[in-house]
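For reference, the chains in residue letters:
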Amino acid sequence: MEKRRAISIMGMMFILLMIIRTLEIIFVKTDQTWVGENILHKICCILLIWIALSMIKSHWSDLGFSKRGLFTGLKYGFALGISTFFLSYATEFIVLSVMGKHPSLRFYITNFSLTQTHTNGSSLLAVIVCIIGNLVNVWAEEGLFRGLFCKIGIQCYSQKTTNIIQALLFGIWHITNVINPLLDGSMHIAMAVFMGTGYILLSGILAYEWGMCAALSGTLWVGASEHLFNNFISNSLHTVTETGADELMIIRITLSNILSLLFVLVISQRNKHKSFQ
């Protein structure tokens, strides 16, 4: 496949899905309902991937959702998520305690956002809906970015370049999270630019790491399971003080993302025989 054609295919799919995503965020606002997740454009994403796979006569397993390595991938992915979030929650607790606050952990379901949250409670139904929404989210995003885009990109670019491209697109994908705060006036333009840049960096770090995991393991399961854990724990386990909840979430998320990338970089250096060039 020619480089120009590969870029065109990825670009058209990305722009189409970004339009659908933006329309859902602005007008439908599914994440502010009992669903707690903008899930409609993720379903469209899955359908679009399925159509693309049918056109190139491939299967989901060709993207990395194969039975091979499933349990090993889940084991390492959840281990990454649990270890990095344990350290980041501990750091958040220490910082809050030094600030003279009295942090505690509370379990309840919200949508994930660094700027706006919508609480759905802690009932069994809310937990089930949250898990289902996150499963759809992971299926769509891993299938698109680390799956289809990497499958297309690797035909024209090196593994590393392809990974950088998908990570950049994944970062841009999350800029839309600042749209509603900007429109309703709760965030000014300068802050929106700052938060948008933050979303690109934080999401891009994880996307690059998950791309490395896919290259090292040959499947999407490591990244997908860590992605699922990260989203669910951010939706459900909150640090609460007498002055509010998740006041230092940005520290927790940033630290867990950086630690996760560092862990995978160390692992990749110890497995140089599995080339990532």
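Whatever comes next refers back to the structure up there.
Conventions used here
- Residues numbered from 1 in each chain as written.
- Predicted model: local features only at pLDDT ≥ 70, side-chain atom pairs only at ≥ 80, totals over all residues.
- Heavy atoms only, no water.
- Pairing = 2+ DSSP bridges.
- Helix = DSSP H or I, 4+ residues; strand = E, 2+ residues; numbered from the N terminus.
- Contact = heavy atoms within 4.5 Å.
- Axes fitted to C-alpha atoms, helices over the stretch in contact; angles between N-to-C directions.
- Disulfide = S-S within 2.5 Å.
- Buried < 20%, exposed > 50% of the residue type's maximum accessible area, 1.4 Å probe, protein only.
- Salt bridge = Lys/Arg side-chain N within 4 Å of Asp/Glu carboxyl O.
- Phe/Tyr/Trp six-rings, centres within 6.5 Å; stacked < 30°, edge-to-face > 60°.

Undergrad: In this structure, what is going on with the sheet that holds strand β1 (residues 104-107)? I would like to understand it.
TA: Adjacent strands of a sheet pair through backbone hydrogen bonds, lying either parallel or antiparallel. Strand order in the open sheet made by the three strands is β1-β4-β5, with antiparallel pairing throughout. The strands lining the two open edges of the sheet, one partner per strand, are β1 and β5 (244-245). Contacting β1 and β4 (237-241), helix α4 (residues 70-98) runs over the sheet at an angle of about 5° to β4.

Undergrad: Please explain the state of the cysteines as it appears in this structure.
TA: Here, the word disulfide means a covalent bond between the sulfur atoms of two cysteines. Under the defined criterion, the tally for this structure stands at zero disulfides. With no disulfide partner, Cys45 has as its closest neighbouring cysteine sulfur the one in Cys44, 8.8 Å distant. Judged by relative accessible area, which is 1%, Cys45 ranks as buried.

Undergrad: So what exactly am I meant to see when it comes to the pattern of salt bridges here?
TA: Per the counting criterion, the structure on display carries six salt bridges. The salt bridge partner of Lys42 is Glu141, with a shortest N-O separation of 3.9 Å. Highlighted residues: Lys42 in helix α2 (residues 40-55) and Glu141 in helix α5 (residues 124-153), separated in sequence by 99 residues. Measuring nitrogen to oxygen at the nearest pair gives 2.8 Å for the salt bridge that ties Asp246 to Arg252. Exposure class is identical for Asp246 and Arg252. Each is buried. Connected via shared salt-bridge partners are Glu37, Lys42 and Glu141.

Undergrad: How do you make sense of the packing of aromatic side chains when you look at a structure like this?
TA: Aromatic rings considered in pairs are described by the distance between their centres and by the relative angle of their planes. Taken as a whole and judged by the stated rule, the model has twelve aromatic pairs. On the basis of an interplanar angle of 75° and a centroid distance of 6.4 Å, the ring pair of Phe14 and Phe145 is categorised as edge-to-face. Of this pair, Phe14 sits in helix α1 (residues 3-28) while Phe145 is found in helix α5, placing the two residues 131 residues apart along the sequence. Here the aromatic cluster, defined as three or more aromatic residues joined through ring pairs, consists of Phe14, Phe145, Phe149, Phe170, Trp173 and Trp210.

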